[in-house]
Amino acid sequence: MSVPILRQGDVLIASIQVAQTDEDLRGLRDQLATEVGSQRAKGVIIDVTALDVMDSFATRTLRAIAYSSRLRGAHTVVVGIQPDVAFAMVQLGLDLGAVSTALDLDDAIDELRARRSEESRA
Amino acid sequence: MTNERSESEDGAVALEMGLNEQSIERRHKAVTLLPEDLARIARIREAVARRAEEFGKSFFDYLAGLDDARDFMRNAEAVHRARQLKIEHLAAMVGGNYGMEYALQRLKLARVYSRAGLETRIFLGAFHHLLRLVGTAILKSARSPEEAFEDFMALKKVAFFDIGIIVDVMVFERERVIRRQQEAIRELTTPVLQIRDRLLMLPIIGTIDTHRARMLTEGLLHSIRVNRAKVVVMDVTGVAAVDTKVANHLLQTVAASRLMGAMVIVTGLSAEVSQTLVNLGVDLAGLRTIGDLQGGIEEAEQLLGYQMSRIDRPKVAGVLSPSN
């Protein structure tokens, strides 16, 4: 099932609602890569609240999304990793690298805003 | 009232121990209690049941003569109750019914013993003394020594069946105390405290093993979600030794918290601990560490945008400004 991508100002929000196959995730990655350019987005938020499993492929794809969006000028925040999921990921040695994380959508938007004002000041 | 309560507790203990019809059946098999044994026991029923009271008294007299049983004998209430149960026991022992009800009676008596602090070995000594008395009585009433021996061996099967239950219950009770204490310790030592909006503190005291690290991490992750925390100050002043394993646990906790969008500041790594870590070659580069708890909290407040300042006049007289 493909993930709808919403646009809020210059932020793209992808909310994953059901368990994704590897194919779905690849689709999401490609779609985001295109839309970051076409929508001229400055931020990407990926909401994984509904996921209760996060495997190595999902982790790698999230990382790939974040890095490629970065190259196109958008900062990515992953939100809503559940406590059990976080614990399992750490146990399995999965890592989101330098990707930002936030507790929920509110925090993610705050984070993107803070980052923007910092950049404009610099 | 107390009797009723302890009775329902007895049932709960039996359930927890897995004492049921099937396991009693297996216990019978373990001592090879056969129908012909029941017939033999029926033969001696009269001789033993008649003197149950006397034997019961002798059992406690024997205990009274032992130094190690002194604490138990001082507990008048327990002794009184145990004496009652013991006499019932002797009558039931030759009663021929060794099912669930009989087992529950044994369990009840064993719990009286263990609550009053009677040691298993002391109980076994006194029980042996009791069996000797019963054996002598059987010998006297029997027609021939051979018959007496056979009857007594039949009864001995029941006696060993009893010992099996009683010892199991006494061990179980002792383990239960240990389990309860362990749980209490576990709960006590992993508090997650909120000290400001979106700022949590996690003081860790004692040793960290894999199990505890897991509990700790789980507790912290849930608190992060419930309190919507952004920053966590983890204080390890109370952790006596930090080695590679503990450091790894800490790193995992920090990584998991980060996945949930919270930043962890580790404080309280003492001079010795930090030296050991360096010597061990543990890489704590992924950790944000600050010397002491105060520093950690100050840093956290700054990250959250709090600005702390002292009002001019302290509200507590004499503090900081003795002249005022």
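Draft legend 1. Expanded view of the packing of helix 6 (residues 76-93) of chain B against helix 7 (residues 100-115) of chain B. Residues and elements named next belong to chain B. It is the contact of helix 6 with helix 7, at a shortest axis distance of 10 Å, that shows an interaxial angle of 155°. Looking at the two axes, helix 6 sits roughly antiparallel to helix 7. Every pair of crossing elements has a handedness; the one defined by helix 6 and helix 7 is left-handed. On helix 7, the residues that touch Ala78, Arg81, Ala82, Leu85, Lys86, Glu88, His89 and Ala92 of helix 6 are Tyr102, Gln105, Lys108, Leu109, Val112, Tyr113 and Arg115. Classifying every residue of the contact of helix 6 with helix 7 gives 8 nonpolar, 2 polar and 5 charged.

Draft legend 2. Up close: the sheet that holds strand 2 (residues 199-205) of chain B. Residues and elements named next belong to chain B. The strand order across the open sheet built from 5 strands is 1-2-3-4-5, with neighbouring strands paired in mixed fashion. The sheet terminates laterally at strand 1 (193-196) and strand 5 (288-290), the two strands that pair on one side only. Between one strand and the next, the sheet's axes are offset by a mean angle of 30°, whatever the strand orientation. In this sheet, strand 3 (residues 231-238) lies alongside strand 2 in parallel orientation, the contact comprising 6 bridges. The partner of Ile205 across the bridge, within strand 3, is Gly238. Each of strand 1, strand 2 and strand 3 touches helix 10 (residues 210-227); the most contacted strand, strand 2, lies at about 165° to it.

Draft legend 3. Seen up close, the interface of chain A and chain B. On the side of chain B, 13 residues touch chain A, which itself brings 13 residues to the contact. Among the secondary structure elements, those contributing two or more residues to the side of chain A that touches chain B are helix 3 (83-91) and strand 5 (100-102) of chain A. A per-element tally of the side of chain A that touches chain B places helix 3 of chain A first, with 5 residues. The class makeup of the residues in the side of chain A that touches chain B is 10 nonpolar, 1 polar and 2 charged.

Draft legend 4. Spotlight on helix 10 of chain B. All names here are of chain B. With 18 residues, helix 10 should reach 26 Å at 1.5 Å per residue; the first-to-last C-alpha distance of 25 Å fits that figure. Those residues of helix 10 that fall on the buried side of the exposure criterion are Leu216, Thr217, Leu220, Leu221, Ser223 and Ile224. All buried residues of helix 10 lie within an arc of 165° about the axis, which places them on one face of the element. Summarising the geometry of helix 10, the exposed residues directed more than 90 degrees from the buried face are His211 and Val226.

Draft legend 5. Quick look at the confidence of the model for chain B. Within chain B, residue pLDDT values average 85, and 94% of them lie at 70 or more. For this predicted complex, the interface score ipTM comes out at 0.81, while the overall pTM is 0.59.

Draft legend 6. Quick look at the nonpolar core. Ranked by internal contacts, the top residues of the largest apolar core, which has 68 residues, are Val78(A), Ala86(A), Val232(B) and Met234(B). Residues within four places of Met234(B) in sequence aside, it is in contact with Leu202(B), Ile204(B), Val264(B), Ile265(B) and Val266(B). Counting residues in each nonpolar core, the second largest holds 39 residues, with Ile41(B), Ala103(B), Ala126(B) and Leu130(B) among its members.

Draft legend 7. Geometry of the packing of helix 3 of chain A against helix 11 (residues 244-259) of chain B. It is the contact of helix 3 of chain A with helix 11 of chain B, at a shortest axis distance of 9 Å, that shows an interaxial angle of 135°. Between helix 3 of chain A and helix 11 of chain B, the interaxial angle falls into the category oblique. As for the relative orientation of helix 3 of chain A and helix 11 of chain B, their crossing is right-handed in sense. Here Ala86(A), Phe87(A), Met89(A) and Val90(A) of helix 3 of chain A come into contact with helix 11 of chain B, specifically with Gln252(B), Ala255(B), Ala256(B) and Leu259(B). By residue class, the composition of the contact of helix 3 of chain A with helix 11 of chain B is 7 nonpolar, 1 polar and no charged.

Draft legend 8. Quick peek at the pairing of strand 2 (residues 11-15) of chain A. Residues and elements named next belong to chain A. By the bridge criterion, 4 bridges tie strand 1 (residues 5-8) to strand 2 in an arrangement that is antiparallel. Looking across to strand 2, one finds that Gln8 is bridged to Val11. Linkage of strand 1 to strand 2, two consecutive antiparallel strands, is achieved through a turn of 2 residues, within which Gly9 is found at a positive phi near 60°. Read as a crossover between parallel neighbours, the route from strand 2 over helix 1 (residues 22-38) to strand 3 (residues 43-47) is right-handed.

Draft legend 9. Up close: the sheet that holds strand 1 of chain A. Residue and element names in this part refer to chain A. Ordered by their spatial adjacency, 5 strands build an open sheet running 1-2-3-4-5, and the pairing between neighbours is mixed. On the outer flanks of this sheet lie strand 1 and strand 5, each paired with one strand and no other. For this sheet, the mean inter-axis angle between neighbouring strands, taken without regard to orientation, is 25°. Where strand 3 and strand 4 (residues 75-79) come together, 5 bridges link them in parallel fashion. For Asp47, the partnering residue across the bridge sits in strand 4 and is Val79. Strands in contact with helix 2 (residues 56-71) are strand 3 and strand 4; relative to strand 4, the strand with the most contacts, it is inclined by about 155°. On the sheet, helix 4 (residues 105-121) packs against strand 2, strand 3, strand 4 and strand 5 and is oriented at approximately 160° with respect to strand 4.

Draft legend 10. Highlighting helix 4 of chain A. Residues and elements named next belong to chain A. Look at helix 4: 24 Å from first C-alpha to last across 17 residues, which is about the 24 Å you get at 1.5 Å a residue. Here helix 4 has its buried residues at Asp107, Ala108, Glu111 and Leu112. Taken end-on, helix 4 shows its buried residues confined to a sector of 135°, consistent with a single buried face. Residues Asp106, Ala114, Ser117, Ser120 and Arg121 are exposed on helix 4 and point more than 90 degrees away from its buried face. Close packing links the buried residues of helix 4 with strand 2, strand 3, strand 4 and strand 5.

Draft legend 11. Structural context of unusual backbone geometry. Residues and elements named next belong to chain B. The phi torsion at Thr32 lies on the positive side, around 45°, for a residue other than glycine. With respect to the element layout, Thr32 can be found in the loop between helix 2 (21-30) and helix 3 (35-50). The exposed category is assigned to Thr32, around which 9 C-beta atoms lie within 10 Å. Even without being a glycine, Arg198 presents a positive backbone phi close to 70°. Relative to the assigned elements, Arg198 resides in the loop between strand 1 and strand 2. C-beta crowding within 10 Å serves as the criterion here: with 19 such atoms nearby, Arg198 is assigned to the partly exposed category.

What counts, and where the lines are drawn
- Residues numbered from 1 in each chain as written.
- Chains lettered and ligands numbered in written order.
- Predicted model: local features only at pLDDT ≥ 70, side-chain atom pairs only at ≥ 80, totals over all residues.
- Axes fitted to C-alpha atoms, helices over the stretch in contact; angles between N-to-C directions.
- Helix = DSSP H or I, 4+ residues; strand = E, 2+ residues; numbered from the N terminus.
- Parallel < 35°, antiparallel > 145°, perpendicular 65-115°, else oblique.
- Left-handed = near helix turned anticlockwise from the far one by under 90°.
- Contact = placed C-beta atoms within 7 Å.
- Nonpolar A, V, L, I, M, F, W, Y, C, P; charged D, E, K, R; others polar.
- Pairing = 2+ DSSP bridges.
- Expected span 1.5 Å × (residues − 1).
- Buried ≥ 20, exposed ≤ 12 C-beta atoms within 10 Å, placed from the backbone.
- Arc of directions from axis to C-beta.
- pLDDT = per-residue confidence, 0-100.
- Core = buried A, V, L, I, M, F, W, Y, C linked by C-beta atoms within 7 Å.
- Right-handed = clockwise from strand over helix to strand, strands pointing away.

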